[in-house]
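# Architecture at a glance
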Amino acid sequence: MAERPVRLERQRGSGEDERPLRAIIEQLADGIIIVGTDGVIRFANPAAEQLFARSARHLVGTDFGFAIATGGPAEIELVRPDGKPVTAELRVADVAWHGEAARLVSIRDITDRRRAEERARQVEQERAARAQAEAANRAKSEFLATMSHELRTPLNAVIGYAQLLDLGIGGPLSPEQQHQVGRIYASSRHLLGLVNEVLDLAKADVGQLRVQLAAAPADSTADAAAALVQPAAEARGITFAVRAVGEGARGAEAAGGAGGAQYDGDEDRVRQILVNLLTNAVKFTDAGGSVVLEYGQTTRPDPNARLAAGRAWVHFTVRDTGVGIPADQLARIFEPFVQVTTGHTRPNDGSGLGLAISRRLARLMHGDITVRSRPGEGSTFTLWLPSAAPAARVPAAEDVLPVAPSGPPHGLAEVGEILMRHLQPLLEVFVARLRAECPAPSAAGLKFSQLVDHLASYLADLAGALIALEEAGGQPSSVVVDATEIHRVVAARHGAQRARLGWTEEAIRCEYRILREEVERAVRQHEHALGAAAIGEALAVAARFLDQARELSLRAYARATGGRRA
């Protein structure tokens, strides 16, 4: 037997029955319209007026314009009078309206949901593409590493035999023969240096470049590096000097005596970096020029350096009066295989790897390399390393890579995939709680997309970072480095957006608390499959990411509001 249509018309003697039903319909958040069998709209509630951006007076009596049929939900695209498109979900039920057969059409605006789903699809596609690129890069790096090892074996043999010949082991050599053997030896050493650079780069790309961090004196490291380069400087007629300074390279206040400064780092690798910087300086400085190596300690590093806040730094500054580097090339000189004709990586000499490897080594030691240069006036390269002073050994929370310290992490990839799959429902619960719990007066009137703001992108990238961390076995990874940089930018812009909306610090702290709780809730639903230990470790890493994001958002909020504490 067919179902009887719901009757919404006024029945004789029961006028009170229709008024409560009308009141309910008019209060519904979904748009409700009554459409006759001829397709003409008979009734529209206030939500429908808002959805169509037209009053009920203009809607009633017009053709609905869409095919409707009872049954499951359907989607339509509406275009408002202002030209703005809206994606809506339709549900239809047969009713009787004032004694005539009609249809009740429920219309829900799902524009934000569809956009969020599209963003999630794009993020997943980007993650897959990034993983594919990372795999290709890893294969390339493994090939380079293998080839570098294979090349070093015969090169070492060539160098060894050249040394034996030069020593006269095979018999006495004439002066001309000694000169030729010397050229073989020098060329072989140069080629071995290039091979070692390629090997270092390959190791860095696959996360196998290692540094041994320990306290080391700045003066002995500077002297050791200078001793290797000074003969070349003197041979070119260049004035060469090494000196300790009581202030930073930019005239900053010193945090201690320069002569006794100690840094946290790998002494061999620091010497390698300094030799590379000094060799470049000598190579591209003409006779009569000068190269100076200064070192010291400061609490005010170069603002362009990617360093943790709130600690002291040891700096090694290499100044030269050479050819200089154009401003538009300063960033590119740290890229692998890039050579700038008038800069520190000329095409006719070197592989273009020295500066790229040096910066990667510096950042592995939680430091950085900065450069200032002007064509024709010379260049200044500065290596920044954490000071080993006891009061300066605790890094700022925002600059510590959030990796569990006890060996390679476990469960991060699974948790990242859980977050990726549950991104949309997690954000929907987050927005509902945000409106209900956080002291932001404007929250109730904001759309879903405004409340989610940058957090959808942040969570998606957080999920990708967790996956990359496990794939890298807890070792440094270019994907993780990129992810943390993205996190910084997203978190800062989120804080600035909240400032524009008139939020308070308390509201920002509240939303991050909710976000952290919802991430944990979504992940712990899978605890039976992954195990409590893996879940706990992964959540600890995610929590550190979120804590950093909160602090960065609060700092951006303070900057946007002029430091005003609301």
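My aim in this report is to walk through the structure given alongside it, one point at a time. The shown structure was predicted, so the numbers you read here are calculated from the model rather than taken from an experiment. (Residues numbered from 1 in each chain as written. Predicted model: local features only at pLDDT ≥ 70, side-chain atom pairs only at ≥ 80, totals over all residues. Heavy atoms only, no water.)

## Comments concerning the overall build of the chain
Counted only if it meets this: Strands are runs of DSSP state E lasting at least two residues, helices are runs of H or I lasting at least four, and both sets are numbered from the N terminus onward. Summary of the burial criterion: residues with accessible area below 20% of their type's maximum are buried, those above 50% are exposed, and those between are partly exposed, where the area comes from a 1.4 Å probe applied to protein chains only. Where accessible areas are quoted, they stem from the Shrake-Rupley method and a 1.4 Å probe; at the residue level, only the protein chains shown are allowed to cover.
Assigned secondary structure in the chain consists of 16 helices and 13 strands. Going through the 566 residues of the chain one by one, you find that 45% of them count as buried. For the chain, the computed accessible surface area is about 27900 Å², with 53% contributed by carbon and sulfur atoms.

## Some details on the pairing of strand β5 (residues 85-97)
Convention followed: The criterion for strand pairing is that DSSP finds at least two bridges linking the strands in question.
Alignment of strand β4 (residues 74-79) against β5, held across six bridges, turns out to be antiparallel. Residue pairing for β5: E75 is matched across the bridge by E89. Here β4 folds back onto β5 in antiparallel fashion, the turn holding five residues, of which G83 has a positive phi close to 90°.

## Observations regarding the sheet that holds strand β13 (residues 378-386)
To keep it simple, the criterion reads: Orientation is described by lines fitted to C-alpha atoms, with helices fitted over the stretch in contact, and by angles between N-to-C directions that extend from 0 to 180 degrees. Here, residues are in contact when the closest pair of their heavy atoms is within 4.5 Å.
Within the open sheet, the five strands sit side by side as β8-β10-β11-β13-β12. Their pairing is mixed. Taken across any chain shown, the strands that pair with only one partner, and hence form the sheet edges, are β8 (239-244) and β12 (368-374). Going from strand to strand, the sheet's axes swing by 15° on average, the running direction of each strand aside. In terms of strand pairing, strand β11 (residues 313-320) meets β13 through seven bridges, oriented antiparallel. Bridge pairing in β13 places H315 opposite W384. Seen against the sheet, helix α6 (residues 218-235) touches β8, β10 (290-298) and β11 and runs at an angle of roughly 175° to β8. This element, helix α8 (residues 354-364), spans β12 and β13 of the sheet and lies at about 135° to β12.

## A short note on the nonpolar core
Here is the rule we go by: The criterion is simple. A nonpolar core is a set of buried Ala, Val, Leu, Ile, Met, Phe, Trp, Tyr and Cys residues joined through side-chain atoms within 4.5 Å.
Within the largest apolar cluster, 49 residues are counted, with the highest numbers of intra-cluster contacts made by L459 and L466. With 10 residues, the top contributor of residues to this core is helix α16 (residues 532-560). Setting aside residues no more than four positions away along its own chain, L459 makes contact with L423, L426, L427, L515 and V519.

## Considering the pattern of salt bridges
Heads up, the rule is: Salt bridges are counted wherever a side-chain nitrogen of Lys or Arg sits within 4 Å of a carboxyl oxygen of Asp or Glu.
Tallied over the full model, the rule gives 27 salt bridges. A salt bridge links R42 to D38; its shortest N-O distance comes to 3.3 Å. Residue classification places R42 among the partly exposed positions, given a relative accessible area of 28%. Members of the salt-bridge network, linked through shared partners, are R433, E437, R513, E517, E518 and R521.

## Some thoughts on the side chain of T370
With respect to the helices and strands, the residue T370 is situated in strand β12. Overall, T370 belongs to the buried group, its relative accessible area being 7%. Look past the residues within four positions of T370 in its chain and what remains in contact with it is D302, N304, A305, T380, F381, T382 and W384.

## Details of the packing of helix α10 (residues 423-437) against helix α14 (residues 505-524)
Filter applied, for reference: Crossing handedness follows the turn of the near helix against the far one: under a right angle anticlockwise gives a left-handed crossing, and clockwise gives a right-handed one. Residue polarity follows a fixed list, in which Ala, Val, Leu, Ile, Met, Phe, Trp, Tyr, Cys and Pro are nonpolar, Asp, Glu, Lys and Arg are charged, and the others, Gly among them, are polar.
Direction vectors running N to C along α10 and α14 enclose 145°, while the axes themselves pass 10 Å from each other. Considering how the two elements wind past one another, α10 and α14 form a crossing that is right-handed. From α10, L426, V429, F430, R433, L434 and E437 reach across to α14, where they touch C510, E511, R513, I514, L515, E517, E518, V519, R521 and A522. Partitioning the contact of α10 with α14 into residue classes produces nine nonpolar, no polar and seven charged.

## So, the state of the cysteines
Applied cut-off: Whenever a pair of cysteine sulfur atoms sits within 2.5 Å, that pair is classed as a disulfide.
A complete count under the given rule lists one disulfide for this structure. Residue C438 pairs covalently with C510 via a disulfide, S to S 2.1 Å. One disulfide, between C438 and C510, carries an S-S torsion of -85° and so falls in the left-handed class. In this pair, C438 is assigned in the loop between α10 and α11 (448-452) and C510 in helix α14, connecting sequence segments 72 residues apart. Accessibility expressed as a relative area gives 7% for C438, which makes it buried.

## Some thoughts on the packing of helix α9 (residues 412-421) against α14
Here is the rule: Note on terminology: angles under 35 degrees are roughly parallel, angles over 145 are roughly antiparallel, angles of 65 to 115 are roughly perpendicular, and the others are oblique.
Where α9 contacts α14, the axes come no closer than 10 Å and their chain directions differ by 110°. By the criterion of interaxial angle, the relationship of α9 to α14 is roughly perpendicular. Counting all contacts with α9, which are made through V415, I418 and L419, the residues of α14 involved are V519, A522 and V523. Its residues assigned to classes, the contact of α9 with α14 shows six nonpolar, no polar and no charged.

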